[in-house]
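So you can see what is in the structure, the chains are spelled out below.
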Amino acid sequence: MKFQYRLIFLLILTGYIQLIQAQKPEFFREEISFGIDSLFFTVNGNYFFRNTTDVNHRYIIVYPVRSNNTAKPIDTIMVFDADDPGQLLKVRVKDTIATFEIVMSPRSVKNIRV
């Protein structure tokens, strides 16, 4: 009887892990450039994601913004969907990470500009 419960638990856990993995966007490419002058250090990046599922998904993307709290504070973070560059995505910054949400159609590719 104990073996059956373990087997059922493993099957449920395996299905849950597969469900979680199926909901992650595939990050497959990035193009990054850095700039520095007497006032600013800038990072510009294009990040490419792929939704490999057959359904629409909303994904929360986590983006590192600094490695420690001794660095100067972040001045500005702007995130755009390259398909709609006039629309800024809402960015939340907490400690050393920024998060933003992307919405993807089934079997689609999205270019996000940071």
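Let's talk about the pattern of salt bridges
No. 1: Counted according to the given criterion, the structure contains five salt bridges.
No. 2: Here D54 ties to R107 by a salt bridge, and the two come within 2.9 Å at their closest N and O atoms. Here R107 lies in the loop between β7 (97-104) and β8 (109-113) and D54 lies in the loop between β2 (41-50) and β3 (57-64), a separation of 53 residues in the sequence. A single burial state applies to D54 and to R107, both of which are exposed.
No. 3: A salt bridge links R58 to E101, with the shortest nitrogen-to-oxygen separation between them at 2.8 Å. With R58 in strand β3 and E101 in strand β7, the pair connects residues that are 43 residues apart, well separated along the chain.
No. 4: What makes E101 partly exposed here is its relative accessible area of 36%.

Side note on the nonpolar core
No. 1: In this structure, F49, I61, Y63, F100, I102, I112 and V114 are the most contacted members of the largest nonpolar core, which totals 13 residues.
No. 2: Put simply, the parts of the chain that give this core at least two residues each are β2, β3 and β7.
No. 3: In terms of residue count, β7 provides more of this core than any other element does, four residues in total.
No. 4: Leaving out residues up to four positions away in the same chain, I102 has contacts with F49, H57, R58, Y59, I61, L89, K110 and I112.

Notes on a nonpolar patch on the surface
No. 1: On the surface, I32, F34, I36, F41 and V43 cluster together to form a nonpolar patch covering roughly 540 Å² of accessible area.
No. 2: Of all elements in the fold, only β1 (26-36) and β2 reach the threshold of two or more residues within the nonpolar patch.
No. 3: Broken down by element, the residue count for the nonpolar patch peaks at three residues, all from β1.
No. 4: Along the polypeptide, F41 turns up in strand β2.
No. 5: You can call F41 exposed: its relative accessible area is 54%.

Basis of the calculations
- Each chain has its residues counted from 1, following the order in which its sequence is written.
- Given that this is a predicted model, residues contribute local features only at a pLDDT of at least 70 and side-chain atom pairs are listed and counted only at 80 or more, while totals for whole chains, interfaces and linings are drawn from all residues.
- By convention in this description, side-chain values take in all heavy atoms of the structure and omit both hydrogens and water.
- The salt bridge definition used is simple: a Lys or Arg side-chain nitrogen within 4 Å of an Asp or Glu carboxyl oxygen.
- A helix here means a DSSP run of H or I that spans at least four residues, while a strand means a run of E at least two residues long, and both kinds are numbered starting from the N terminus.
- Throughout, exposure labels follow a simple rule: accessible area from a 1.4 Å probe, protein chains only, divided by the maximum for the residue type, with under 20% read as buried, over 50% as exposed, and the rest as partly exposed.
- Buried Ala, Val, Leu, Ile, Met, Phe, Trp, Tyr and Cys residues form a nonpolar core when they are joined through side-chain atoms within 4.5 Å.
- Only heavy atoms matter for contacts: two residues are in contact if any of them lie within 4.5 Å across the pair.
- Patches draw on residues past 30% relative accessible area with no salt bridge. Two like charges within 9 Å are joined, as are two nonpolar side chains (Val, Leu, Ile, Met, Phe, Trp, Tyr) within 5 Å.
- Surface accessibility follows the Shrake-Rupley procedure with a 1.4 Å probe radius. Residue values consider only the protein chains on display as shielding.

Everything listed is a geometric property; what it means functionally is a separate question.
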